[in-house]
Amino acid sequence: MLMTPEKESDDLALVRRFQAGDVRAFDAIVEAHFEAIGKLAVRLLGWRGDVQDVLQETFLVAYERLPQFEGRSQLRTWLAAIAIHVARRSLRRRRFRFWETAPEIAIESDCSLERDERAEQLRRAISRLGDSLREVIVLHYLEGKSIAETAEILGLRVNTVEVRLHRARKLLGAALEGRI
């Protein structure tokens, strides 16, 4: 989602209010970004229970670190980076598989059976990717982030993201063709 200058300005104003001691400003930050960060967590984890844990921890970390937020990146980008790090820890702790047991995640309801099967096949293929490849796929293709935004969120160079996207696409293509 592209941030408008007004939204960026509103976010920065909320951050500054929080940094000045208005803890209610944090409630407004959570309200403004909860849905987007929640969607990211669902795409990274795929299970409702884990998503709630990741969201809770993400905003707890943000609350603790917001006094040091300098505004060098957009607030949503900063929150997404925190969510990714929290999700990584969650995946390592629990060794869960991405999207394999998430029946509540639906494709568009008007999809044909063939398209549903193809989407499920893609979901399983994405779940088998390593964290570094899955993260770039989720951010770039499912979250609609540019390569530069993906690089910023993950703390990588642009060319590293491009290489990972290329590798991930190649693996996904092979998986969908039944070669792996």
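Re the overall build of the chain
The secondary structure content of the chain amounts to eight helices and zero strands. Going from N to C terminus, the chain has its helices and strands arranged as α-α-α-α-α-α-α-α. In the chain, which comprises 180 residues, the share counted as buried stands at 42%. Of the accessible surface of the chain, which amounts to about 10400 Å², a share of 52% is contributed by carbon and sulfur atoms.

Brief notes about the nonpolar core
In this structure, L40, L66, L75, W78 and L79 are the most contacted members of the largest nonpolar core, which totals 46 residues. Considering every element that reaches this core, the biggest residue donor is helix α4 (residues 75-94), with eleven residues. Those residues in contact with L40 that lie beyond four places of it in its chain are A80, A83, I84, V138, L139 and E143.

Topic: the environment of V138
With respect to the helices and strands, the residue V138 is situated in helix α6 (residues 131-142). In this structure V138 comes out as buried when scored by relative accessible area, which is 0%. Sequence spacing of V138 and L40 is 98 residues, and the spatial spacing of their C-alpha atoms is 7.8 Å.

What counts as what
- Residues numbered from 1 in each chain as written.
- Predicted model: local features only at pLDDT ≥ 70, side-chain atom pairs only at ≥ 80, totals over all residues.
- Heavy atoms only, no water.
- Helix = DSSP H or I, 4+ residues; strand = E, 2+ residues; numbered from the N terminus.
- Buried < 20%, exposed > 50% of the residue type's maximum accessible area, 1.4 Å probe, protein only.
- Areas by Shrake-Rupley, 256 points an atom, 1.4 Å probe, with all protein chains shown as cover.
- Core = buried A, V, L, I, M, F, W, Y, C linked by side-chain atoms within 4.5 Å.
- Contact = heavy atoms within 4.5 Å.

This is a description of form; function is not addressed.
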